[in-house]
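Notes for the structure review
Spelled out, the chains give:
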Amino acid sequence: VRSEAAFLLADTALGPEQRPAFDAALAEWTDSQRLNLDTPQARHNLGLLEQRRGRPEEAAAHYRSALALEGDFAPSAINLADLLRESGREDEAQDVLREALVRAPRVAALHV
């Protein structure tokens, strides 16, 4: 619970007295994800963390690595496309979504 709470609070400003406990809990959460880097879910989760921390390039790298493992992993395709669109790279975002639709045509979230 503690490490999951740290993930959820990753974009929250904390005081210096709270920082050591937060950093330890977030390190536990990150370590648990790194143990499962052979799954797209863990790489996606690391992307979510980087996105919460305001690091879009690092987040995109994690989403791309999730897609490299499992090309039809729609959550990473959607988040990557959103990041690309937010940075003004609309054509790349559309390419990501088109590729995802080819790989996972029955995933409803890709059709929204």
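Our subject in this report is the structure included herewith. (Residues numbered from 1 in each chain as written. Predicted model: local features only at pLDDT ≥ 70, side-chain atom pairs only at ≥ 80, totals over all residues. Heavy atoms only, no water.)

The end-to-end C-alpha distance of helix H6 (residues 90-103) is 20 Å, a good match for the 20 Å that 14 residues give at a rise of 1.5 Å each. In this structure, the buried side of H6 is in contact with helix H5 (74-86). (Helix = DSSP H or I, 4+ residues; strand = E, 2+ residues; numbered from the N terminus. Expected span 1.5 Å × (residues − 1). Contact = heavy atoms within 4.5 Å.)

This paragraph deals with the side chain of asparagine 79. Assignment of secondary structure puts asparagine 79 in helix H5. With residues up to four places along the chain from it excluded, the contact list for asparagine 79 reads His44, Leu48, Gln51 and Tyr63.

In this structure, Leu80 and Val96 are the most contacted members of the largest nonpolar core, which totals 17 residues. Elements that contribute at least two residues to this core include exactly helix H4 (56-69), H5 and H6. The dominant element in this core, judged by the number of residues it contributes, is H5, at six residues. With sequence-adjacent residues up to four places away left out, leucine 80 is seen in contact with Ala60, Tyr63, Arg64, Leu67 and Val96. (Core = buried A, V, L, I, M, F, W, Y, C linked by side-chain atoms within 4.5 Å. Buried < 20%, exposed > 50% of the residue type's maximum accessible area, 1.4 Å probe, protein only.)

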